[in-house]
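Fold and contact review
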Amino acid sequence: MAIGCLSPKSSTPSEAISESWAQEVVEYAVGLGEATDKNIGLDHSKVREYWLLRGPRLAWTAVIFFTFSLVCQELLKKNLATDRLYMVVVSVVALMIALYMLYWRLPDAIEGSVLRAAHDYYKGWKSGYETKTPKPKPIYPGNADPRMFSPEPKP
């Protein structure tokens, strides 16, 4: 129904406008739901990417770094038991922090992908909506020549 047209159910123009507005909201919500539903199954690929592929790489990188640091410490520093313990504790804490960040990266990536799909739908809807509504004519200050404000170069 076009805005301003009276339906058999509505008796006043304001009721017709509110019905039209409600219909547009429902159509937008349905379209948005369809756009975000395209991401069903995304979680499986993100789990594979973030936890199954990056997790082992992170673990191997941490083990190599820990081993390299321990070897350098043994060869280059004084061999004190407290230095070794400190090195192990710092390395384990760094690994736990990295794993924690990797764990939370998955839901962030899924949410970001869904939000991107929703934004793309909104952007497309908005550009389609803007082409339906008439654009007001620009108002130029005073008696200014409209060519002054055009992006085209002046002759």
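For clarity, every value in this text was computed on a predicted model and none was experimentally measured. (Residues numbered from 1 in each chain as written. Predicted model: local features only at pLDDT ≥ 70, side-chain atom pairs only at ≥ 80, totals over all residues. Heavy atoms only, no water.)

1. With respect to the layout of surface pockets
Considering only enclosed or pocket space, the second largest pocket measures out at about 210 Å³ in volume. Surrounding the second largest pocket, L58, A62, V63, F65, F66, M87, V90, S91, V92, A94, L95 and A98 form its lining. Counting residues per element, the lining of the second largest pocket draws most heavily on helix α3 (residues 81-132), at seven residues. Taken together, the residues of the lining of the second largest pocket break down into eleven nonpolar, one polar and no charged. (1 Å grid on protein atoms, 1.4 Å probe; cavity = no way out; pocket = protein on both sides within 12 Å on 5 of 7 lines; lining within 4 Å. Points joined across faces, edges and corners; volume = space filled by probe spheres on them. Helix = DSSP H or I, 4+ residues; strand = E, 2+ residues; numbered from the N terminus. Nonpolar A, V, L, I, M, F, W, Y, C, P; charged D, E, K, R; others polar.)

2. Overview of the confidence of the model for the protein
On average, residues of the protein score 75 in pLDDT, and 71% of them reach the 70 mark or higher. Looking at the elements of the protein, mean pLDDT is at its lowest for helix α1 (residues 13-37), recorded as 78, and at its highest for helix α2 (residues 42-76), recorded as 83. The model gives residues 1-7 a pLDDT under 50, and that stretch makes 15 contacts with residues more than four places away or in other chains. (pLDDT = per-residue confidence, 0-100. Contact = heavy atoms within 4.5 Å.)

3. With respect to the environment of L95
Relative to the assigned elements, L95 resides in helix α3. Sequence separation of L95 and V63 is 32 residues, and the distance between their C-alpha atoms is 9.0 Å.

4. Comments concerning a nonpolar patch on the surface
Together, W51, L52, L85, V89, V93, I97, Y100, M101, Y103 and W104 line one region of the surface with nonpolar side chains, adding up to about 1000 Å² of accessible area. Looking at the nonpolar patch, the elements with two or more residues in it are α2 and α3. In terms of residue count, the dominant contributor to the nonpolar patch is α3 (eight residues). Counting through the fold element by element, Y103 comes out in helix α3. A relative accessible area of 42% places Y103 in the partly exposed class. (Patch = residues over 30% accessible without salt bridge, like charges linked within 9 Å, V, L, I, M, F, W, Y side chains within 5 Å. Areas by Shrake-Rupley, 256 points an atom, 1.4 Å probe, with all protein chains shown as cover. Salt bridge = Lys/Arg side-chain N within 4 Å of Asp/Glu carboxyl O. Buried < 20%, exposed > 50% of the residue type's maximum accessible area, 1.4 Å probe, protein only.)

5. A closer look at the pattern of salt bridges
For the structure shown, the criterion picks out three salt bridges. As a salt-bridge pair, R54 and E49 come within 3.3 Å of each other at their nearest N and O atoms. On the basis of relative accessible area, R54 is assigned to the partly exposed category, the value being 28%. When salt bridges with common partners are traced through the structure, they connect K46, E49 and R54 into a single cluster.

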